[in-house]
Amino acid sequence: MASHRSAQLLVALVCCACIPWAACSEIFPQRTPGEKLYRKRCASCHGIDARGNTLKYMSNAKADLTDDTWYNGQGSDAMAMVIENGVFGSMPDNKDLSQEEIRQIVEHLETVIEKSRSLY
Ligand code: HEC
């Protein structure tokens, strides 16, 4: 029993020694609350990068959040409204989230949009 445990410890130690710090943050990323919510509730349609290029919304231009075309109003207040109320027939509402959580999603979305724009 004791040797079993020390073998486990050894494996754990070797693994930790082999993973450089940079890779650690890749494997165990520190996600903000907004990013966690976005991944859980939005990414399946809009994509991790917010370009809307997902199997679910492929070629629906309105699901691309990185373009300059806003069908439901521009700016963080308009985004918060869409997130809370959804879009009839296209996007589910998020009325179960608090205003604080919605604000966190908007904040995350804004950084994602900025990043995506600088990449493409
Ligand atoms: C079921 C798929 C789906 C999910 C889940 C979803 N969306 Fe959407 N979203 C859409 C579609 C489709 C549209 C385009 C609606 C329209 O105007 O016809 C849209 C529109 C939007 C818009 C407005 C875009 C514009 O051009 O005005 C924003 C902002 C947005 N979504 C953010 C989010 C966020 C943030 C989440 C997560 C909380 C989310 N969406 C979840 C499908 C989805």
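Residues numbered from 1 in each chain as written. Predicted model: local features only at pLDDT ≥ 70, side-chain atom pairs only at ≥ 80, totals over all residues.

Asks: Describe the overall build of the protein, naming the residues involved and giving the relevant values.
Replies: The secondary structure content of the protein amounts to six helices and zero strands. The N-to-C order of helical and strand elements in the protein reads α-α-α-α-α-α. Buried positions account for 17% of the 120 residues belonging to the protein. By sequence separation, contacts in the protein at least 24 residues apart represent 43% of the contacts at least 6 residues apart. (Helix = DSSP H or I, 4+ residues; strand = E, 2+ residues; numbered from the N terminus. Buried ≥ 20, exposed ≤ 12 C-beta atoms within 10 Å, placed from the backbone. Contact = placed C-beta atoms within 7 Å.)

Asks: Please set out the nonpolar core residue by residue, giving values where relevant.
Replies: In terms of nonpolar packing, the biggest core is built from 12 residues, these being Leu37, Tyr38, Cys42, Ala50, Leu65, Met79, Val82, Ile83, Ile102, Ile105, Leu109 and Val112. Listing elements by their share of this core, those giving two or more residues are helix H3 (33-41), helix H5 (76-85) and helix H6 (99-119). With four residues, the top contributor of residues to this core is H6. (Core = buried A, V, L, I, M, F, W, Y, C linked by C-beta atoms within 7 Å.)

Asks: Give a description of H6 that names residues and reports values.
Replies: For H6, which comprises 21 residues, the first-to-last C-alpha distance of 30 Å matches the rise-based estimate of 30 Å (1.5 Å per residue) to within 8%. All of the buried residues along H6 are Ile102, Ile105, His108, Leu109 and Val112. Considered in projection along H6, the buried side chains sweep an arc of 125 degrees and stay on one side of the axis. Residues of H6 that are exposed and point over 90 degrees away from its buried face: Gln99, Glu100, Glu114, Lys115, Arg117 and Ser118. Lining the buried residues of H6 we find H3 and H5. (Expected span 1.5 Å × (residues − 1). Arc of directions from axis to C-beta.)

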